[in-house]
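Here is what each chain is made of, one letter per residue.
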Amino acid sequence: MLTFQLFMYILAVMVGLSLGEQTFIKGGIDQDLRTDGRKRLTYRPIFVETGIIPQASGSARVKLGATDVIASVKAELGKPNPSYPDKGKVSIHVDCSPTAEPSFEGRGGEELSTELSSALERCLLGGKSGAGAGIDLSSLCIVRGKVCWDLYIDGLVVSSDGNVLDALADAIKAALSNTAIPKVQVSANAPSDEHPEVDVSDEEFLQFDTSGVPVIVGRHYIVDATTEEESQMSSAVSVSINRQGRICGLTKRGGAGLNPTVILDMVSAAKHVSEQLMNKLDSEIAAAEACDEMES
Amino acid sequence: MGLKCLAQHYLKSTGPSFILTKKNKPLRRRTASLSKMEFVNPEGLRLDGRRPMEMRQLRAEIGVVSKADGSAVFEMGNTKVIAAVYGPREVQNRSQQSNDEALVRCEYSMANFSTGDRMRKPKGDRRSTEISMVIRQTMEACILTHLMPRSQIDIFVQVLQADGGTRSACINAATLALADAGIPMTDIVTSCSAGFLNGTPLLDLNYVEDSAGGPDVTVGILPKLDKVTLLQMDSKLQMETFETVMQLATEGCKAVASYIREVLLENTKQLESRRGV
């Protein structure tokens, strides 16, 4: 119990919250009315913009309250891993810009970057073989064992006000639906020689997932926490759920122990929230793409 | 005024932040045929359709990072950077604290997706360290540091798209962000670059022109005080041509300055109307 309190204290000092503010946040959560007027399971408004990086195959910017992230997808031709000759490769890399938080300066953001990248990889890429991945890796294969697409997904945190992981997952989803991978034709006599054609294939990623992060504060859990609320949390569970309502990945952050039944509760809450979020995000992406087409 | 006399004048007016270094190029892809390319066609138009003395389209926006004390996006054509300013605040590292002036720090970073080829994670490489230093020295020259002793000002610039002239864009963005943060300055600093290709002085080089291997003069000025705070050139150039190219870059800086002033004025008007003054 003592260690737990100490943990809370250190975090509160980092964000600079007084005892009164801490009590206010916790009291608000108890009464299902948070400091910004949301309920426990309400998301902040999402704003999506696609195609913002012209030199990438696909890109998107997502604003979730004051949290602002950019994701870009670049596709390059590569060689598949010998152990999985019929699968393409996807790598996810997240960068935390010091513009978001002065403490990310130099190598300061590296720890968080690694944590976010691996959490996203776990959610989107599934196991080593690519089984159960949010992205269908076999669709990236061009010639078995010879040529495949390497997808480089880069995330950049420009401004952070809590729940960066969700914002990144949403941005990556939006960037992937914005991604256009050129069609490739392979000539029969020279198997390693390929001619990327200019015409663009359909969206390859029909099934995709998103994550809802229920954060537990005290006895209740909340969704989409701001920085102040995150400073008060004892642990967080990030769940990524696909359109069929199946869980694709799960990460628990924070050191405090959780009752297993609470975790199950949180997962079902995440599932519930994700259904609304998925629809909202889809309409936002569609709106952003429509806006894009109008401009071009 | 002769060039020697000019140089002395600048040295006097700007002190230690007068730098002449060879720049490292931002991107690796450089084709041999570039040196023989036609950068200005017979009609007098450049590769992107600009005239030699024409600048790319400027766009600026203030207050893009809500958590920072001051922030701005600055775009010069396809080059796009974000700057965020935190401070003046308590000095984080006590040993760096100064009792008579504020500590100014700067970090420049490039996003992985900012260049044509995907960059592979070179954080804190020599190029970004050098640009961080250049930006810090340039901004230090205009901030009234003596008014904020025992405090620290952090300037973070993040390149989202790199298409030549990133350091100019970074300085312009940093100026806007500092102004947004309400940090006292003697004047705004603005920067612009100019080059010399196919016997023509060209204003505001883009990436293709920048990688042609010709001279690239980056100038930073304090427009109201009429002083040069930043001057960098790489490659070689005739004395007389240097003067005209530098003059062109300075004109570019003045054009940027008038745009920045416009943006700041517009922003202040908006703040005013929001407060109901």
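Residues numbered from 1 in each chain as written. Chains lettered and ligands numbered in written order. Predicted model: local features only at pLDDT ≥ 70, side-chain atom pairs only at ≥ 80, totals over all residues.

As recorded in an unreviewed UniProt entry, chain B goes by the name Exosome complex component RRP41, listed as coming from Salvia splendens. Note on chain B: under the UniProt heading Sequence similarities (unreviewed entry), the record states "Belongs to the RNase PH family." (UniProt positions renumbered as here; feature names shortened; annotations may be inferred.)

The name given to chain A in an unreviewed UniProt entry is Ribosomal RNA-processing protein 42, and the organism recorded there is Salvia splendens. The UniProt entry for chain A carries the following text under Sequence similarities (unreviewed entry): "Belongs to the RNase PH family."

A.B. asks: Whenever I open this one, the overall build of chain A confuses me. Can you help?
C.D. replies: Broken down by element type, chain A carries six helices and 13 strands. The burial tally for chain A puts 45% of its 296 residues in the buried class. Taking the contacts inside chain A whose residues are at least 6 apart along the sequence as the reference set, 68% of them involve residues at least 24 apart. (Helix = DSSP H or I, 4+ residues; strand = E, 2+ residues; numbered from the N terminus. Buried ≥ 20, exposed ≤ 12 C-beta atoms within 10 Å, placed from the backbone. Contact = placed C-beta atoms within 7 Å.)

A.B. asks: Please explain the sheet that holds strand S7 (residues 200-203) of chain B as it appears in this structure.
C.D. replies: Adjacent strands of a sheet form backbone hydrogen bonds with each other and so pair up, either parallel or antiparallel. Residues and elements named next belong to chain B. Taking strand neighbours across the sheet as the criterion, the four strands line up as S7-S6-S8-S9 in an open arrangement whose pairing is antiparallel. At either end of the open sheet lies a strand with only one pairing partner, and these are S7 and strand S9 (227-234). Averaged over all adjacent pairs, the angle separating strand axes in this sheet is 20°, with direction ignored. Contacts from helix H5 (residues 239-275) reach strand S6 (190-197), S7 and strand S8 (216-222), with the element oriented near 145° to S6. (Pairing = 2+ DSSP bridges. Axes fitted to C-alpha atoms, helices over the stretch in contact; angles between N-to-C directions.)

A.B. asks: What is the right way to look at the interface of chain B and chain A in this model?
C.D. replies: Put simply, an interface is often sized by how much accessible area is lost when its parts join up. Between chain B and chain A, the residue contacts involve 21 residues of the former and 21 residues of the latter. If you list the elements that add at least two residues to the side of chain B that touches chain A, you get strand S3 (79-90), strand S4 (103-110) and strand S5 (151-161) of chain B. Of all the elements, S5(B) adds the most residues to the side of chain B that touches chain A, at four residues. Looking at the side of chain B that touches chain A residue by residue, the class counts come to eight nonpolar, nine polar and four charged. (Nonpolar A, V, L, I, M, F, W, Y, C, P; charged D, E, K, R; others polar.)

A.B. asks: Sorry, what's going on with H5(B) here?
C.D. replies: Residues and elements named next belong to chain B. End to end, H5 covers 53 Å across 37 residues, agreeing with the expected 54 Å (1.5 Å per residue, within 8%). Looking at H5, one finds that the buried residues are Val245, Met246, Leu248, Ala249, Thr250, Gly252, Cys253, Val256, Ala257 and Ile260. Close packing links the buried residues of H5 with strand S1 (58-62), helix H3 (166-180), S6, S7 and S8. Positive phi shows up at Gly276, right after H5, with a value of about 75°. (Expected span 1.5 Å × (residues − 1).)

A.B. asks: Before we go on, may I ask you to explain the environment of Val159(B) in this structure?
C.D. replies: Among the structural elements, Val159(B) can be located in strand S5. In sequence terms Val159(B) and Ala181(B) are 22 residues apart; their C-alpha atoms lie 20 Å from each other.

A.B. asks: Even after reading the chapter, I still don't get the pairing of S4(B), so can you show me in this structure?
C.D. replies: Across a regular strand the side chains alternate sides, sitting on one face of the sheet and then on the other. Residues and elements named next belong to chain B. Burial within S4 is extensive, with eight of its eight residues counted as buried. As judged from the eight bridges shared by S4 and S5, these two strands associate in the parallel manner. Each bridged residue has a counterpart across the sheet, and for Tyr108 the counterpart in S5 is Val157.

A.B. asks: Hey, could you run me through the environment of Ile131(B) in this one?
C.D. replies: All names here are of chain B. The residue Ile131 is located in helix H2 (residues 126-140) in this model. The buried category is assigned to Ile131, around which 24 C-beta atoms lie within 10 Å. When residues no more than four places from it in sequence are discounted, the contact partners of Ile131 are Tyr108, Arg167 and Cys170.

A.B. asks: Would you take a moment to explain the pairing of S7(B) for this structure?
C.D. replies: Residues and elements named next belong to chain B. When S6 meets S7, the two strands line up antiparallel, connected through four bridges. Bridge pairing in S7 links Ala194 to Leu203. Linking S6 to S7, which pair antiparallel, is a turn of two residues; within it Asn198 sits at a positive phi near 50°.

A.B. asks: How should helix H6 (residues 260-295) of chain A be read in this particular structure?
C.D. replies: In an α-helix, one full turn covers 3.6 residues, which means residues spaced three or four apart are oriented alike. Between its first and last C-alpha, H6(A) extends 50 Å over 36 residues, near the 52 Å set by a 1.5 Å rise per residue. Along H6(A), the sharpest change in direction is near 25° and occurs at Ser274(A). (Bend = angle between axes of the 7 residues up to and from the residue.)

A.B. asks: Explanation requested: the packing of helix H3 (residues 110-125) of chain A against helix H4 (residues 164-178) of chain A in the structure shown.
C.D. replies: Each packed pair of helices is defined by two parameters, the angle between the axes and the distance between the axes. Residue and element names in this part refer to chain A. Where H3 contacts H4, the axes come no closer than 11 Å and their chain directions differ by 50°. Between H3 and H4, the crossing angle belongs to the class labelled oblique. Judged by the sense of rotation from one axis to the other, the crossing of H3 with H4 is right-handed. Judged by residue contacts, Leu116, Ala119, Leu120 and Cys123 of H3 engage Val164, Leu165, Leu168, Ala169 and Ile172 from H4. Tallied by class, the residues present in the contact of H3 with H4 amount to nine nonpolar, no polar and no charged. (Parallel < 35°, antiparallel > 145°, perpendicular 65-115°, else oblique. Left-handed = near helix turned anticlockwise from the far one by under 90°.)

A.B. asks: Any chance you could explain the confidence of the model for chain B here in plain terms?
C.D. replies: The predicted coordinates of low-pLDDT regions are not to be read in fine detail. Residue and element names in this part refer to chain B. Taken as a whole, chain B shows an average pLDDT of 85; of its residues, 86% reach a score of 70 or greater. Under a pLDDT of 50 for its full length, residues 1-34 has, in the predicted model, 46 contacts with residues more than four places off or in other chains. This complex was scored by the predictor with a pTM of 0.82 and an ipTM of 0.79. (pLDDT = per-residue confidence, 0-100.)

A.B. asks: Sorry, what's going on with unusual backbone geometry here?
C.D. replies: Glycine aside, a negative phi is what most residues show, and trans is what most peptide bonds show. Residue Pro88(B) is reached from Gly87(B) by a cis peptide bond, and omega for that bond is 0°. Take Pro88(B): it is sitting in strand S3. Backbone geometry at Asn163(A) places phi at a positive 55°, although glycine is not the residue there. Topologically, Asn163(A) is positioned in the loop between strand S6 (147-159) and H4. Positive phi, normally seen in glycine, also occurs at Ser235(B), with a value near 65°. Among the secondary structure elements, Ser235(B) is positioned in the loop between S9 and H5. Judged by the 14 C-beta atoms lying within 10 Å of it, Ser235(B) is partly exposed.

A.B. asks: Explanation requested: the nonpolar core in the structure shown.
C.D. replies: One recurring pattern in soluble globular proteins: nonpolar side chains tend to sit buried together. Leu168(A), Ala83(B) and Ala173(B) are the most contacted members of the largest nonpolar core, which has 140 residues in total. Among the elements that line this core, the one with the most residues is H4(A), at 10 residues. Ala83(B) has contacts with Ser71(B), Ala72(B), Ile155(B), Phe156(B), Val157(B), Cys170(B), Ala173(B), Ala174(B), Leu176(B) and Ala177(B), leaving out every residue within four places of it along the chain. (Core = buried A, V, L, I, M, F, W, Y, C linked by C-beta atoms within 7 Å.)

A.B. asks: Where do I start with the sheet that holds S4(B) in this structure?
C.D. replies: Residue and element names in this part refer to chain B. Taking strand neighbours across the sheet as the criterion, the five strands line up as S1-S2-S3-S5-S4 in an open arrangement whose pairing is mixed. Either end of the sheet is taken by a strand with one partner, and the two such strands are S1 and S4. Averaged over all pairs of adjacent strands, the angle between strand axes in this sheet comes to 15°, irrespective of strand direction. As judged from the five bridges shared by S1 and strand S2 (residues 70-76), these two strands associate in the antiparallel manner. Across the sheet, residue Ala60 finds its bridge partner in S2, namely Phe74. Packed onto the sheet, H3 meets S1, S2, S3, S4 and S5 and runs at close to 150° relative to S2.

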